[in-house]
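Below are the chains, spelled out letter by letter.
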Amino acid sequence: MSHCFYPLVHVVKNYPWGSRSALNARFHIPNPDDQPQAELWMGVHPAGISQVICEEGSCSLAELIAGDKTAMLGSRVAGQFGDLPYLLKILAAERALSIQVHPQKAQAQAGFHRQQNNPPDYNDDNHKPELVYAITPFMAMNGFRQPTEIVRHFKKLNIASLEATLNSLALYPCAETMQAFFVTLMQLPQDEKQKALTRLLDEVEALYDPTLASFIFRLRQHYPDDIGLFAPLFLNCLTLQPGEAMFLSPGTLHAYVQGVAVEVMASSDNVLRAGLTDKNINLAELVACTVFEPICEEQLRMTPAKHSGWQHYDIPVEDFCFDAYSHANNLAIQTSSAEIVLVIDGQAALYHASGEVLTLDAGRAAFIPASTRDWTLSVSGTLCRVYV
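Not measured: the values here are computed from a predicted model.

About the criteria used
- Residues numbered from 1 in each chain as written.
- Predicted model: local features only at pLDDT ≥ 70, side-chain atom pairs only at ≥ 80, totals over all residues.
- Heavy atoms only, no water.
- Core = buried A, V, L, I, M, F, W, Y, C linked by side-chain atoms within 4.5 Å.
- Buried < 20%, exposed > 50% of the residue type's maximum accessible area, 1.4 Å probe, protein only.
- Helix = DSSP H or I, 4+ residues; strand = E, 2+ residues; numbered from the N terminus.
- Contact = heavy atoms within 4.5 Å.
- Phe/Tyr/Trp six-rings, centres within 6.5 Å; stacked < 30°, edge-to-face > 60°.
- Lys NZ or Arg CZ within 6 Å of the ring centre and 35° of its normal.
- Salt bridge = Lys/Arg side-chain N within 4 Å of Asp/Glu carboxyl O.
- Pairing = 2+ DSSP bridges.
- Arc of directions from axis to C-beta.
- Axes fitted to C-alpha atoms, helices over the stretch in contact; angles between N-to-C directions.
- Parallel < 35°, antiparallel > 145°, perpendicular 65-115°, else oblique.
- Left-handed = near helix turned anticlockwise from the far one by under 90°.
- Nonpolar A, V, L, I, M, F, W, Y, C, P; charged D, E, K, R; others polar.

Overview of the nonpolar core
Here is step 1 of the chain: Grouped together as the largest cluster of nonpolar side chains are 52 residues, with contacts concentrated most on Met-141, Phe-154, Phe-182, Phe-230, Phe-234 and Leu-253.
Here is step 2 of the chain: A total of six residues in this core trace back to one element, the largest contributor, which is helix H9 (residues 190-207).
Here is step 3 of the chain: Those residues in contact with Phe-234 that sit more than four places away from it in its chain are Gly-143, Phe-144, Arg-145, Ile-150, Phe-154, Phe-181, Phe-182, Leu-185 and Leu-253.
Here is step 4 of the chain: Within the second largest apolar cluster, 46 residues are counted, among which are Leu-23, Ile-90, Ile-340 and Val-386.

Have a look at this one:
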């Protein structure tokens, strides 16, 4: 028997940077072994496939979709993507994630194909554009600062090994000089790196403003000898407030530092790392996938289109769309693709003309097939809706 609404069972990911308490306290996710719970996954990526619940029992979301792709995904999405094209997560960062970049689709396809039996840099052949929607204040670094800012920040440290590339960046600010500076920084000899880190940490409060210093101190707690401590000097630092969102295109160097957020992306788990990690750093591959262009800090926060009871975020990719609903009553919604709805806080009720009703509490999600068509939503708190 087909349904209009399928409750989802999340896949819990335990990574060292996760929080032991945030997901349990906010969403009642059990943590009997006191593990660092970093992410809740909702989707069909092979690294973490959700389960769906119905009267007949449960099965994987991938199996449900495979049973009738046109009904589940809609003919347009089934023809274009062949499966659910996005992955939805709740992310709970107690400490910083690695500084990282995600590849463009062609780069992911080529890299995934050629790695064969070599140590993997790619987990799949897809790109990974992503949106982050803050649930709590959410500290993040996103995109290169303006060259003048980068030069000013680093000149204060008087690092002799960086002087030549800093001068080039100051005289000829472009992608080539930005890349040259970044590679030189990443390849600092161990003794030079250690001296520079010591100088940075000794003088951070005297040399830099409180916001920038707070990011560096936060990173130092867990990565005291990591090259990534320099990242706040060349990446934009911002703290999203609850309900604020930002978008990251593939090729954008970034790192999430602390907080709880919704994250939605193309269905991929590709990450190339640059620091704040003990995992493999393939600098050549990272550089090949990075766009060395500055991003203005004012452009980082997304401005949604506001409607009565909901907001739409305009995303420049075809893999997913994102809306947020707050304190809405009996809103009519039309579904034409595979959707996942997730309650951030409060409670939501989903109604269909067939008589099917589903109530969801905070942290709970449901898959809605394209065949559901018209349904009605009431929400007492905040709910996010992902679709194509």
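A short note on the packing of aromatic side chains
Here is step 1 of the chain: Tallied over the full model, the rule gives 15 aromatic pairs.
Here is step 2 of the chain: Between the aromatic rings of Tyr-6 and Phe-367, the centroid separation amounts to 6.5 Å while the plane-to-plane angle is 45 degrees, which identifies the pairing as tilted. Highlighted residues: Tyr-6 in strand E1 (residues 6-9) and Phe-367 in strand E20 (residues 365-368), separated in sequence by 361 residues.
Here is step 3 of the chain: Residue Tyr-6 is classed as buried on the basis of its relative accessible area, which comes to 3%.
Here is step 4 of the chain: Given the relative accessible area of 0%, Phe-367 is considered buried.
Here is step 5 of the chain: A cation sits over an aromatic face here: Lys-279 above Tyr-15, 6.0 Å from the ring centre.
Here is step 6 of the chain: The ring of Tyr-387 carries the charged tip of Arg-385 above its face, separated from the ring centre by 4.2 Å.

Digging into the pattern of salt bridges
Here is step 1 of the chain: Scanning the model with the defined rule gives nine salt bridges in all.
Here is step 2 of the chain: Lys-155 is the salt-bridge partner of Glu-163, the closest N and O atoms lying 2.7 Å from each other.
Here is step 3 of the chain: For Arg-199, the salt bridge goes to Glu-203, with nearest N and O atoms at 4.0 Å. Of this pair, Arg-199 and Glu-203 are both found in helix H9, four residues apart, which corresponds to roughly one turn of the helix.
Here is step 4 of the chain: When its relative accessible area of 29% is taken as the criterion, Glu-203 is described as partly exposed.

Comments concerning the pairing of strand E18 (residues 347-352)
Here is step 1 of the chain: In this structure, E18 lies alongside strand E19 (residues 357-361), joined through five bridges in antiparallel fashion. Residue pairing across strands places Ala-348 opposite Leu-360, the latter belonging to E19.
Here is step 2 of the chain: Where E18 folds back on E19, the antiparallel hairpin that results is connected by four residues, among which Gly-355 adopts a positive phi of roughly 105 degrees.
Here is step 3 of the chain: Bridging between E18 and strand E21 (residues 374-387) involves five bridges; their strand directions are antiparallel. Bridging from a neighbouring strand, His-352 pairs with Trp-375 of E21.

Some remarks on helix H7 (residues 163-171)
Here is step 1 of the chain: Within H7, burial applies to Thr-165, Leu-166 and Leu-169. Seen from one end, H7 has its buried residues packed into an arc of 100 degrees, which puts them on one side. For H7, the exposed residues set more than 90 degrees away from the buried face come down to Ala-164 and Leu-171.
Here is step 2 of the chain: Summarising the contacts, the buried residues of H7 are in contact with helix H6 (147-155) and helix H8 (175-186).

Quick notes on the packing of H6 against H8
Here is step 1 of the chain: In the contact formed by H6 and H8, the axes pass within 12 Å of each other and the chain directions differ by 30 degrees. Between H6 and H8, the angle is such that the two are roughly parallel. Our pair here, H6 against H8, has a crossing hand that is left-handed. Mapping the contact onto sequence places Pro-147, Ile-150 and Phe-154 in H6 and Met-178, Phe-181 and Leu-185 in H8.
Here is step 2 of the chain: When grouped by side-chain class, the residues that make up the contact of H6 with H8 number six nonpolar, no polar and no charged.

Brief notes about the environment of Asp-278
Here is step 1 of the chain: Checked against the element boundaries, Asp-278 lands in the loop between strand E13 (272-275) and helix H12 (283-289).
Here is step 2 of the chain: Asp-278 sits in the exposed class, given a relative accessible area of 77%.
Here is step 3 of the chain: Distance in space between the C-alpha atoms of Asp-278 and Met-265 is 24 Å, their sequence separation being 13 residues.

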